[in-house]
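Below, each chain spelled out in residue letters.
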Amino acid sequence: QSKVSILGIPFINTTQSAFEQTLQQRIDQQQNTFVVTANPEIVMYARNHPEYTKLIKSANFIVADGIGIVIGAKLLKTPIEERVTGYDLFESLLSWGNQHQKSAYFVGAKPAVIQKLREVVSRQFPDLVIAGTHDGYFDNDTQIVNDIRRTNPDMVFVATGYPKQEEFIERNRAVTNGLWMGIGGSFDVLTG
Ligand code: UDP
């Protein structure tokens, strides 16, 4: 995978559809994978927080989730093929997971939103296995992570906003052989 460095962040240079295939393959092969969907706010935050920069660089993939990043790359004469948004990846993985009987665990958002997410996902993606859900307002990881370990989902979606979601993933990703991705406000969007 070729990479393009913008403000010290190594973005993968890919298209939405090529990257979807990469992730599907890795899920099928049960490879532990951490994806950061970096929007301009995340890039700016990383500039002022070296620990967070180090953390997101430990991900397998950082994708350019923002047209500003794609434009910046072009101006720097190191173009990135296409913007890849966290929300679009989320929807396409749910749809693919539904077609292939994969399982997913959802962590994040307010209790009412995560409840509604369960309903929306079971209606729109009936063959996707919901391994579990938890709202995004908790003091310690233990109970949630034990549940994730026990259910061993193919995909874990964490939507607690940055930097929390990436910190949570980095601490806990070793408990499954699947995909972990931070996706900001996506649960609100899918249920809204
Ligand atoms: N959120 C959460 N736990 C928190 C803070 C936020 O689950 O401690 C959720 C919030 O309910 C929303 C999502 O994180 O669903 C995204 O929040 P925000 O828009 O602040 O994040 P950003 O888009 O800035 O990453």
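Structure: see above.
All figures in this text were calculated on a predicted structure; none of them were measured in a lab.

Draft legend 1. Molecular detail of the site of the ligand. Among the 14 residues in the neighbourhood of the ligand, the closest are listed as A109, G136, T160, G161 and G184. Grouping the amino acids of the shell around the ligand by side-chain chemistry returns 5 nonpolar, 6 polar and 3 charged.

Draft legend 2. Up close: the environment of P111. By the secondary structure assignment, P111 is in helix α6 (residues 111-124). Judged by local crowding, P111 falls into the exposed class, with 12 C-beta atoms found within 10 Å. As a C-alpha pair, P111 and H134 span 23 residues in sequence and 7.7 Å in three-dimensional space.

Draft legend 3. Spatial organisation of the nonpolar core. Core analysis: the biggest nonpolar cluster contains 52 residues, and F11, A38, I62, V63, V156 and F157 have the highest contact counts within it. If you tally residues by element for this core, the top one is strand β7 (residues 155-159), at 5 residues. With residues up to four places along the chain from it excluded, the contact list for F11 reads K3, V4, I6, I62, V63, A64, I69 and I80.

Draft legend 4. Quick peek at the sheet that holds strand β4 (residues 61-64). Spatially, the 6 strands line up as an open sheet ordered β4-β3-β8-β7-β5-β6, and their pairing is parallel. Of all the strands in the sheet, just β4 and β6 (129-134) have a single pairing partner and so form its edges. Recorded for the sheet is a direction-independent mean angle of 15° between the axes of neighbouring strands. Relative to β4, strand β3 (residues 33-38) runs parallel, the two being bridged by 4 bridges.

Draft legend 5. Just unusual backbone geometry, in detail. Here the residue pair Y162 and P163 is connected by a cis peptide bond, since its omega of -5° sits within 30 degrees of zero. Assignment of secondary structure puts P163 in the loop between β7 and α8 (164-172). Positive phi is not limited to glycine here, since Q101 has a value of about 50°. When you line up the elements, Q101 lands in the loop between α5 (86-99) and β5 (103-108).

Parameters at a glance
- Residues numbered from 1 in each chain as written.
- Predicted model: local features only at pLDDT ≥ 70, side-chain atom pairs only at ≥ 80, totals over all residues.
- Near = placed C-beta within 6 Å.
- Nonpolar A, V, L, I, M, F, W, Y, C, P; charged D, E, K, R; others polar.
- Helix = DSSP H or I, 4+ residues; strand = E, 2+ residues; numbered from the N terminus.
- Buried ≥ 20, exposed ≤ 12 C-beta atoms within 10 Å, placed from the backbone.
- Core = buried A, V, L, I, M, F, W, Y, C linked by C-beta atoms within 7 Å.
- Contact = placed C-beta atoms within 7 Å.
- Pairing = 2+ DSSP bridges.
- Axes fitted to C-alpha atoms, helices over the stretch in contact; angles between N-to-C directions.

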